[in-house]
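# Topology and contacts: notes
Listed below are the residues making up each chain.
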Amino acid sequence: MKEGAASPVIHDSLKRLEYRGYDSVGIATLHNGELQLKKDQGKIDDVHKLLNLDDLKGNIGIGHTRWATHGAPLKINAHPHLDCTGKIAVIHNGIIENFSELKLELENNGHTFVSKTDTEIIAHLIEDNITKNPKYCLADAVNETVKRLEGSYAIAVISTLEPTKIVCARNESPLVLGVNQNGYYLASDIPAFLPITNRAIIINDGEIIIISSEGYEIRKINDYSIVSREPKTIDWTPEMAVKKGYPHFMIKEINEQPSTLRNTLRMQDHYLDLISTFLDRAKDVFLVACGTSYHACFAASYMFSKLAFLPTYPVYASEFVEQHGKSVNIDSTILAVSQSGETADTLSSVTCAQQRAATILGLTNVIGSTLTRVSRVYIGQQSGPEIGVAATKTFTSELSVLAQLALRLSKKRGKVSQDEMDFLSEKLEKIPDIVETIICNQAKKVKQIAKKYKNAKVFFFLGRGISAATAYEGRLKLMEIAYVPSIAFPAGESKHGPISLIEPGFPVVFICPKDGSHKTLISNIMEMKARGASIISIIEEDDEIIKKLSDDFVEVPKGIPEILSPIPFVVPLQLLAYYMALEKGLNPDTPRNLAKCVTVK
Ligand code: M6R
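Residues numbered from 1 in each chain as written. Predicted model: local features only at pLDDT ≥ 70, side-chain atom pairs only at ≥ 80, totals over all residues. Heavy atoms only, no water.

### Quick look at unusual backbone geometry
Residue P80 is reached from H79 by a cis peptide bond, and omega for that bond is 0°. Take P80: it is sitting in the loop between β3 (60-66) and β4 (81-82). For N32, which is not glycine, the phi dihedral falls at a positive 50°. Along the chain, N32 turns up in the loop between β1 (24-31) and β2 (34-41). Residue N32 is classed as exposed on the basis of its relative accessible area of 70%. Phi at F309 is positive, roughly 55°, even though this residue is not glycine. With respect to the secondary-structure elements, F309 resides in the loop between α10 (291-308) and β16 (313-316). Among the residues examined, F309 registers a relative accessible area of 48% and is labelled partly exposed. (Helix = DSSP H or I, 4+ residues; strand = E, 2+ residues; numbered from the N terminus. Buried < 20%, exposed > 50% of the residue type's maximum accessible area, 1.4 Å probe, protein only.)

What follows is the structure, encoded as structure tokens:
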């Protein structure tokens, strides 16, 4: 900033980003060539009450509010992180995949680490680059450092070595620059600076930006060539900006899935290995969860069985104690899945199992949640905060992590050939792009389907095999968001009772991947069609047979392996629920009677 202290401006901006995560906060500034730093765990207001974040001196600084990915939400893990000399301060969003290797290398070179984060290695790598190359300026050192990082990052660096500069770089994590006559404001999201300026430049992947009182300079990381880009005017209201221009969080989060799914492919091998080792040794494996997370567990029971030949019991957490409380024992393993990590039913199942000496494993989106504290080993699914009450991006991320676990276990048990493993791993890598294609190409069509069926009194969702889980999830989304009574069954069960409801025009959604049950599913479609049902099918794009049988269809790219199919096939169903809610004039983000996190039993 040209005038005034930076820390109150950074503090206000962090408050505007607090909806993205808030387990700790920190600010560092430069004043008279010295680094000033305050940070602690807790929400911004609580930390401010304790430390007064506004009285750091200096007109240049960086600040961060954290959503834990590596390391618990503790003060030592709060950003900014420093190098060994305390001269370089770094904040970071994203996940550094190769951080364990880099940390080991740096430790062997004499660096000492104080946190459990991946971020801290960045500060030490910059220090290392400067020590080894005395001619390097700060920007050179940052540029060389980011070339060694694998994964996603948006970083901001300040240093007493060049106390008038901030250097930032980006790969796959958002970074935007706000500009006005009084200064430059780099942030991960536009709402951070929108009340100060609506002139902004988006920094692209593979770019580094250097800011000083003289101006800003954007360069390409790979060849250091200059990029010229002028600021654009942002005409969003602050409310629109928080939702990135989308009208609701739910649709924003549906659209985030390609990127959240990419994040799930950056899991640390170590944790996947540990969890699959526990699963391998267990006598009984219970997959315990509620709501959408239960549907992920239900799908996972097919994955574990088909890939690793491991039978598992998916159990509603609210029923676990009654159903299995007496039989669970020291040989049992509980894999508890919970986006929030705080769902009361899930936690009480865990307590019951723990009291009976079972092993507790966790999969959650919230590092530092109770589930992470009570689990022997846990995996953070890295979806980022989910604000919409309906779970969308966290469901597909849970599925992706569970599929990876099933693949690990399969490898451990030698159950699937190397060729098949390679094929499935390649397909898993492509899932984010496939989901992107579905959202781009099919959203309009789903919107029309919602319009057509907006007055339907009830919906059926049917699928066979693993697609039964997709059907259950489609039903839950439509019920909770659009208040449309819905019924879901494995398609084969429909003729054992539910079919009596069918009368002309009754909408039945079929989930139709081209898997082993495709032929039988066609018979189930015929049964419904013969009774006058309106068939809405989610099909692979070359599925001409089902296309002909359907009144309406939504297409997903072809060639998706059965065990991965719930990830892309659920996306049109999320969109259907969303557009149905809009057709009915409902706010999909805040459905009645529901809470994002259910902390009562
Ligand atoms: O945080 P959790 O994954 O434990 O939450 C479980 C359910 O409460 C949750 O999935 C709920 O069913 C959502 N409203 C579904 O959209």
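### What about empty space enclosed by the protein?
Summed over all chains, the structure comprises 1 cavity of 30 Å³ or more. Estimates place the volume of the largest cavity at around 50 Å³. For the largest cavity, the full set of lining residues is V446, I449, V509, I536, I538, V554, P572, L573 and L576. When residues of the lining of the largest cavity are traced back to their parent elements, those giving at least two are α15 (418-452), β23 (534-540) and α19 (566-583). No other element matches α19, which puts 3 residues into the lining of the largest cavity. (1 Å grid on protein atoms, 1.4 Å probe; cavity = no way out; pocket = protein on both sides within 12 Å on 5 of 7 lines; lining within 4 Å. Points joined across faces, edges and corners; volume = space filled by probe spheres on them.)

### A few points about the domain arrangement of the chain
Each assigned domain of the chain is listed here: domain 1 (6-242) and domain 2 (258-583). Look at where the C-alpha atoms of domain 1 and domain 2 centre, and you get two points 37 Å apart. If you sort the residues of domain 1 by the area they bury against domain 2, W67, I95 and E97 come out on top, with a joint share of 43%. Put simply, R266 and E97 hold a salt bridge, and the shortest N to O gap is 2.5 Å. (Domains from an automatic or database assignment. Buried area = accessible area lost by both parts, 1.4 Å probe. Salt bridge = Lys/Arg side-chain N within 4 Å of Asp/Glu carboxyl O.)

### Section: the pairing of strand β15 (residues 284-289)
Of all the 6 residues making up β15, 6 are buried; the element is thus mostly covered by neighbouring parts of the structure. Side chains of β15 alternate between two faces, with D284, F286 and V288 and V285, L287 and A289 buried alike. Pairing geometry for β15 and strand β17 (residues 332-338), over 5 bridges, is parallel. Its bridge partner being in β17, D284 is matched across the sheet by S332. Where β15 meets β16, 4 bridges bridge the pair, whose relative direction is parallel. (Pairing = 2+ DSSP bridges.)

### Focus: a negative patch on the surface
On the surface, a cluster of negative charge is made up of D419, D422, E426 and E429. Inspection of the secondary structure assignment puts E426 in helix α15. E426 sits in the partly exposed class, given a relative accessible area of 48%. (Patch = residues over 30% accessible without salt bridge, like charges linked within 9 Å, V, L, I, M, F, W, Y side chains within 5 Å. Areas by Shrake-Rupley, 256 points an atom, 1.4 Å probe, with all protein chains shown as cover. Lys, Arg positive; Asp, Glu negative; His and termini not counted. Charge placed at Lys NZ, Arg CZ, Asp CG, Glu CD.)

### Observations regarding the sheet that holds strand β20 (residues 459-463)
Pairing is parallel in the open sheet, where 5 strands are placed in the order β21-β20-β22-β23-β24. Of all strands in the sheet, those with a lone pairing partner are β21 (486-490) and β24 (552-556), marking the two edges. Taking each pair of neighbouring strands and ignoring which way they run, the sheet shows an average axis angle of 15°. Against the sheet, helix α16 (residues 467-482) touches β20, β21 and β22 (507-512), its axis set at about 175° to β21. Strand contacts of α19: β20, β22, β23 and β24, with the helix running at about 140° to β23, the strand carrying the most contacts. (Axes fitted to C-alpha atoms, helices over the stretch in contact; angles between N-to-C directions. Contact = heavy atoms within 4.5 Å.)

### Topic: the side chain of N263
Mapped onto the fold, N263 is located in helix α8 (residues 257-264). Looking at N263, the relative accessible area reads 16%, which means it is buried. Here the side chain of N263 touches R266 through a polar contact of 2.8 Å, side chain to side chain. Dropping the residues within four chain positions of it, N263 is found in contact with I95, S152 and Q382. (Polar contact = N/O pair within 3.5 Å; in protein donor to acceptor, adjacent residues only side chain to side chain.)

### With respect to the pattern of salt bridges
The final tally for this structure, using the stated rule, is 28 salt bridges. Here E473 makes a salt bridge to K477, at a shortest N to O gap of 2.6 Å. Residue E473 and its partner K477 are located together in helix α16, separated by 4 residues, close to a single helical turn. For the pair shown, E473 and K477 are each scored as buried. Residues joined by salt bridges that share partners form a network here, namely E97, E172 and R266.

### Focus: the environment of I158
Structurally, I158 is set in strand β6 (residues 151-159). Put simply, I158 and I62 are 96 residues apart on the chain and 7.4 Å apart in space, counted from C-alpha to C-alpha. For I158, the contacting residues outside a window of four places in its chain are A28, T29, L30, L35, G61, I62, K87, I88, A89, K165 and I166.

### Some remarks on the packing of α8 against helix α14 (residues 393-413)
For the pair α8 and α14, the least separation of the axes is 9 Å and the interaxial angle reads 30°. For the element pair α8 / α14, the angle class is roughly parallel. As α8 runs across α14, the sense of the crossing is right-handed. Counted together, Q257, T260, L261 and T264 of α8 and K393, T396, S397, S400, V401 and Q404 of α14 form the full contact between these two elements. Tallied by class, the residues present in the contact of α8 with α14 amount to 2 nonpolar, 7 polar and 1 charged. (Parallel < 35°, antiparallel > 145°, perpendicular 65-115°, else oblique. Left-handed = near helix turned anticlockwise from the far one by under 90°. Nonpolar A, V, L, I, M, F, W, Y, C, P; charged D, E, K, R; others polar.)

### Here we look at the site of the ligand
Near the ligand you find 14 residues, and of these S293, S338, S340, T343 and E480 are the closest. A distance of 2.7 Å separates an oxygen atom of the ligand from a polar side-chain atom of S340. With the chains in place, 91% of the 420 Å² that the ligand exposes on its own is no longer accessible. Breaking the shell around the ligand down by element, the ones donating at least two residues are α10 and α16. Of the residues in the shell around the ligand, the class split is 5 nonpolar, 7 polar and 2 charged. (Near = heavy atom within 4 Å.)

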